[in-house]
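Coordinate inspection notes
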Amino acid sequence: MTDVTASGVPEAITTSDGVPLKVSLARATRRQRMQALLLVLPLLLFLLVAFVLPIGEMLFRSVYSPIGPNVLPNFSKVIHEWDGEDLPPEAVFEVFVKDMTEAKKSNEIGKTVGNLATRVNYEIPGSRGLFTKSARKVKNITEGPYKEALIALDKRWENQHIWRTLQRISSNYTASFYLAATDRKYNEDNEIVRADPLYQIYLPILGKTLWLSALITFICLLIAYPVSYLLATLPLRTSNLLMIMVLLPFWTSLLVRTTAWIAMLQTEGIVNNILVFTRVISEESRIQMIYNQTGTIVAMVHILLPFMILPLYSVMKTIPPYYMRAARSLGATGTYSFIKVYFPQTIPGIAAGTLLVFILAIGYYITPALVGGSDGLLISNLIADHIKKTLNWSLGSALGAILLAIVLIFYWIYNKLVGVDNLKFG
Amino acid sequence: MVRFQNVQKSYDGETLVVKDLNLDIATGEFVTMLGPSGSGKTTTLMMLAGFEPATHGEIYLNGNPINNVPPHKRGIGMVFQNYALFPHMSVAENLAFPLAVRGQSKSEQEDRVKKVLEMVELPEFGGRRPAQLSGGQQQRVAVARALVFEPDLVLMDEPLGALDKQLREQMQYEIKHIHESLGVTVVYVTHDQSEALTMSDRVAVFEDGIIQQLSSPEELYERPENSFVAQFIGENNKLRGTVLEVGRDKLATVKLDSGDMVKALAVGVGAKGERTLLSVRPERVAIEPKKTRNTVTLTGKVEELIYLGDHIRTRMSVAGHTDFIVKVPNNAEHHELSEGQTTTVGWQAEDCRALDDMAA
Ligand SMILES: Nc1ncnc2c1ncn2[C@@H]1O[C@H](COP(=O)(O)OP(=O)(O)OP(=O)(O)O)[C@@H](O)[C@H]1O
Ligand SMILES: [Mg+2]
């Protein structure tokens, strides 16, 4: 017990020259801490540049969309005053026509009418032509009334929906990419609704990604558990050999392994050939095992298996054989001992392995891209599409952010259930 | 109760870890297997518990051969060296495990667990995890778990190996006490000879897969049958020589390598001309003994004196051996010795045992 003064507060311990012990200790360890900091500094910098900044950038992009204000700077300032009823006032139309005339002259990336048209087209599919066509002719409108003149140019300018959309995108920040990423949109009355069934792609793919990842994780666990058990219990020489076989895939390029599966599983591939040769199936009914979900599952299980085996193995390695012996000496059958004594002790390994495999699986890209065909695609393939093909980086970022959120949620749930401190990764 | 008949065991098919083991253990007996590391004690225990098959021979439990009975059907309680308490279960759950396996109801289980916790004096600890107990407490729980389902036979493999000396001694007493009050048969493994001597009814001294001697602690100490046992149990003075003759009174005449002629009790020697190792306990050796009919005397030179309070440990060179120990009691009439001094040492011929010479 420390001395407690009359007030009930423990008295601070001091060194012989009266400096509080804590201060003195802090001083003494300061140098050490500085050294430690210096040692980890390169890693911290690397993490900052390679991890924190890109993620920050991604999160920022998913809500930041300055095209409206960039292309129509003055219009963006005044449109906010419109209450959304009927059509905007004449003054707003005037500013719009002038901004459009200016914008037509610009060819700076991010500030052209084309950019604006693309942006609005995300919100109202098919509206692109309205903007490009109007932009060509808008310079002819030199005097009011601007409203009538514009509507005369194209009937569609009478549509409230266009103006509401323009009002919405005239801010630098927007939630519309998250809406798009969750198959939602604003309807003509500015309410958030489900997208048309035809355009609902992201949620189903996200759902499929989660389901396939869970399935892959489960299959990995089923295969990895006995293998890890063997690894942990076999004599050293045999288990080393087995370990090399487990690690072998790590030493082979991902691409090679994936294409090997193509060679194995395609309709003219080895597996089908053997099945046909042994007359299990007929020549006409060769099974489609690749370029679909089956292909994705098989190849991903293969690739992710070591990530399940290693944590399981490292946990099982620490479980001495005498627990099972003790259980059996107490009268339990082998199965009962396994279920009640061995299995519970491997849970930290199962938790670590499933968490690892699941997280890797929901973000997996290259394997589904190569062997997934169209129905074996996962959400990351869509993200890659948006980054590389459609160049809608903001939507890609929003999808990425949702994926990140899902990973964090799973991590949180695991932490609640198992405790992250209990995880054993190797 | 337990019977090993010509049991042999080999792990690799090349060397025998247990060689021709024959052992009978009576009901209620406390038998200890004592021996150096690697002598096959654990292996023997594992064969009895059913975790290792015997390579040859038969083991009987209550008269029935059990070679083909799986471990969980043998009904043998076992205390492991590392306790093997299940880390993910509380103490009470650990203790209830063998009861649950046997299909006892929850209330029965609780009753038994409570009783057994009281027996090992840990009534308050049922809710804790094994990791939250001290080594001694874990040890008690391990003993309790091996006893809770009331087996007739309990095996303990170096159960006190991990404890410090004081706790060991206390636990030795407690285990012995439990054994006496419950009347279970105990087969105990240790490589601590004082533990074996204080606890057991009989001790089996293992060496190299063979039981060298199986007898009561007193027998073992007073009348070792071979030189290994004599060396292994307690302290011993060794003198090497050759047998000249074995008389009718079982006394052998031995010519020591130094040339001295002595008489000793023939135990492990028969024929004339055989090499022998004479063994005599330090406490049976006297300085300048009174001569009686069978007193053996030799001259010795004092090499070193170590004062130990109640006795003075004296290292001497006798008949060419420089590590001859004499315990001189620190009583009123003891001889004052000084280093370098030459004197006579002597003992009764019956106290000196002529054993086989392992080195020969
Ligand atoms: N599972 C095994 N496989 C192969 N050899 C073994 C095995 N277990 C034990 N041995 C060998 O058998 C011999 C006897 O081992 P055992 O464990 O019975 O000794 P012990 O008397 O219990 O020793 P200790 O006092 O060190 O526990 C040793 O040489 C050991 O190397
Ligand atoms: Mg052992």
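Residues numbered from 1 in each chain as written. Chains lettered and ligands numbered in written order. Predicted model: local features only at pLDDT ≥ 70, side-chain atom pairs only at ≥ 80, totals over all residues. Heavy atoms only, no water.

Here we look at helix α18 (residues 379–388) of chain A
Selection criterion: Categorising residues by exposure relies on relative accessible area from a 1.4 Å probe, with only protein chains included: less than 20% of the type maximum marks a residue as buried, more than 50% marks it as exposed, and the intermediate range marks it as partly exposed. For helices the rule is a DSSP run of H or I covering at least 4 residues; for strands it is a run of E covering at least 2, with both sets numbered from the N terminus onward.
The buried count for α18 of chain A comes to seven of ten residues, which makes it a mostly enclosed element. Regarding α18 of chain A, the residues found buried are I379, S380, N381, L382, I383, A384 and H386 of chain A.

Observations regarding the interface of chain A and chain B
Cut-off, in case you're wondering: Throughout, a residue-residue contact means that at least one pair of heavy atoms, one from each residue, lies within 4.5 Å. Summed over both partners, the accessible surface that disappears when two parts come together, traced with a 1.4 Å probe, is what is meant by buried area. Just to be clear on terms, a salt bridge is a Lys or Arg side-chain nitrogen sitting within 4 Å of an Asp or Glu carboxyl oxygen. Under this definition, polar contacts are N or O atom pairs within 3.5 Å; protein pairs additionally need one hydrogen-donor-capable and one acceptor-capable atom, and for neighbouring residues in sequence, both atoms have to be side-chain atoms.
Chain A puts 16 residues into the contact, and the matching count from chain B is 23 residues. Overall, the association of chain A and chain B removes approximately 1,800 Å² of surface from exposure, summing both partners, and the carbon and sulfur fraction of that is 69%. Summed over the shared surface of chain A and chain B, the number is one salt bridge. Of the charged contacts, one joins E52 of chain B and R325 of chain A as a salt bridge, the two residues approaching to 3.5 Å between their closest N and O atoms. At the boundary of chain A with chain B, the tally comes to three residue pairs in polar contact (both at pLDDT 80 or more).

A look at the site of ligand 1
Residue and element names in this part refer to chain B. Note the cut-off: By convention in this text, a residue qualifies as near a molecule or strand provided that one of its non-hydrogen atoms is within 4 Å of it. Each residue is assigned to one class: nonpolar for Ala, Val, Leu, Ile, Met, Phe, Trp, Tyr, Cys and Pro, charged for Asp, Glu, Lys and Arg, and polar for all the others, Gly among them.
The immediate surroundings of ligand 1 are formed by Y11, V17, P36, S37, G38, S39, G40, K41, T42, T43, E158 and H191. G40 is positioned such that a nitrogen or oxygen atom in its backbone is 3.0 Å from an oxygen atom of ligand 1. In the model, an oxygen atom of ligand 1 is placed 2.5 Å from a nitrogen or oxygen of the T42 side chain. In terms of residue class, the shell around ligand 1 is made up of three nonpolar, seven polar and two charged.

Here we look at the pattern of salt bridges
A full pass over the atoms with the stated rule returns 33 salt bridges over all chains. A salt bridge links R168 of chain B to D192 of chain B; the nearest nitrogen and oxygen atoms lie 3.3 Å apart. In this pair, R168 of chain B sits in helix α5 (residues 165–182) while D192 of chain B sits in the loop between β8 (185–190) and α6 (193–199), placing the two residues 24 residues apart along the sequence. We classify R168 of chain B as buried; its relative accessible area is 16%. A relative accessible area of 23% places D192 of chain B in the partly exposed class. Put simply, R284 of chain B and D351 of chain B hold a salt bridge, and the shortest N to O gap is 3.1 Å. Separated by 67 residues along the polypeptide, R284 of chain B in the loop between β14 (275–280) and β15 (286–287) and D351 of chain B in the loop between β19 (342–348) and β20 (353–356) bring together distant segments of the chain. For R284 of chain B, a relative accessible area of 36% translates into the label partly exposed. The class for D351 of chain B is partly exposed, based on a relative accessible area of 24%. Put simply, R119, E123 and R168 of chain A are held in one network by salt bridges that share partners.

Some thoughts on the domain arrangement of chain A
Residue and element names in this part refer to chain A. Rules: In this entry, domain limits derive from an automatic or database-based domain assignment.
Looking at the assigned domains, one finds that chain A contains domain 1 (1–61), domain 2 (67–199) and domain 3 (202–422). Averaged C-alpha coordinates put domain 2 and domain 3 at centres separated by 47 Å. With nine residues of domain 2 in contact, the opposing surface of domain 3 contributes ten residues. Buried area between domain 2 and domain 3, both sides added, is near 840 Å², and the carbon and sulfur share of it is 68%. Contact with domain 3 buries surface across domain 2, with F177, Y178 and A181 losing the most and accounting together for 52% of the total. Counting across the interface, domain 2 meets domain 3 through zero salt bridges. For the side of domain 2 that touches domain 3, the leading source of residues is helix α9 (residues 176–181), giving four residues.

Considerations on the domain arrangement of chain B
Residues and elements named next belong to chain B. Under the domain assignment, chain B is made up of domain 1 (2–227) and domain 2 (235–356). A C-alpha centroid distance of 39 Å is found between domain 1 and domain 2. Counting residues at the interface gives eight residues for domain 1, matched by eight residues for domain 2. Interface area lost by domain 1 to domain 2 is led by Y221, P224 and S227, which between them contribute 62%. The tally of links from domain 1 across to domain 2 stands at one salt bridge.

Focus: the nonpolar core
For soluble globular proteins, the rule of thumb is that nonpolar side chains tend to be buried together. The test is simple: In these notes, a set of buried Ala, Val, Leu, Ile, Met, Phe, Trp, Tyr and Cys residues joined through side-chain atoms within 4.5 Å is what counts as a nonpolar core.
In this structure, L48, F86, L153 and L155 of chain B are the most contacted members of the largest nonpolar core, which totals 104 residues. The greatest single-element share of this core, amounting to twelve residues, is contributed by helix α14 (residues 293–317) of chain A. Dropping the residues within four chain positions of it, L48 of chain B is found in contact with V2, F4, I59, I66, R74, I76, L153, L155 and V187 of chain B. Of all hydrophobic cores here, the second largest spans 31 residues; its members include I141, I151, I162 and W163 of chain A.

Some remarks on the sheet that holds strand β11 (residues 237–246) of chain B
Residues and elements named next belong to chain B. So the rule is basically this: Pairing between two strands is assigned when DSSP locates at least 2 bridges connecting them. Between N-to-C directions, angles span 0 to 180 degrees; the directions come from axes that are lines fitted to C-alpha atoms, helices contributing only their stretch in contact.
Pairing within the closed barrel is mixed, and its five strands lie in the order β11-β12-β13-β20-β14. Strand-to-strand twist across the sheet, computed as the mean angle between neighbouring axes with direction ignored, equals 55°. By the bridge criterion, six bridges tie β11 to β14 in an arrangement that is antiparallel. Looking at β14, one finds that N237 is bridged to V280.

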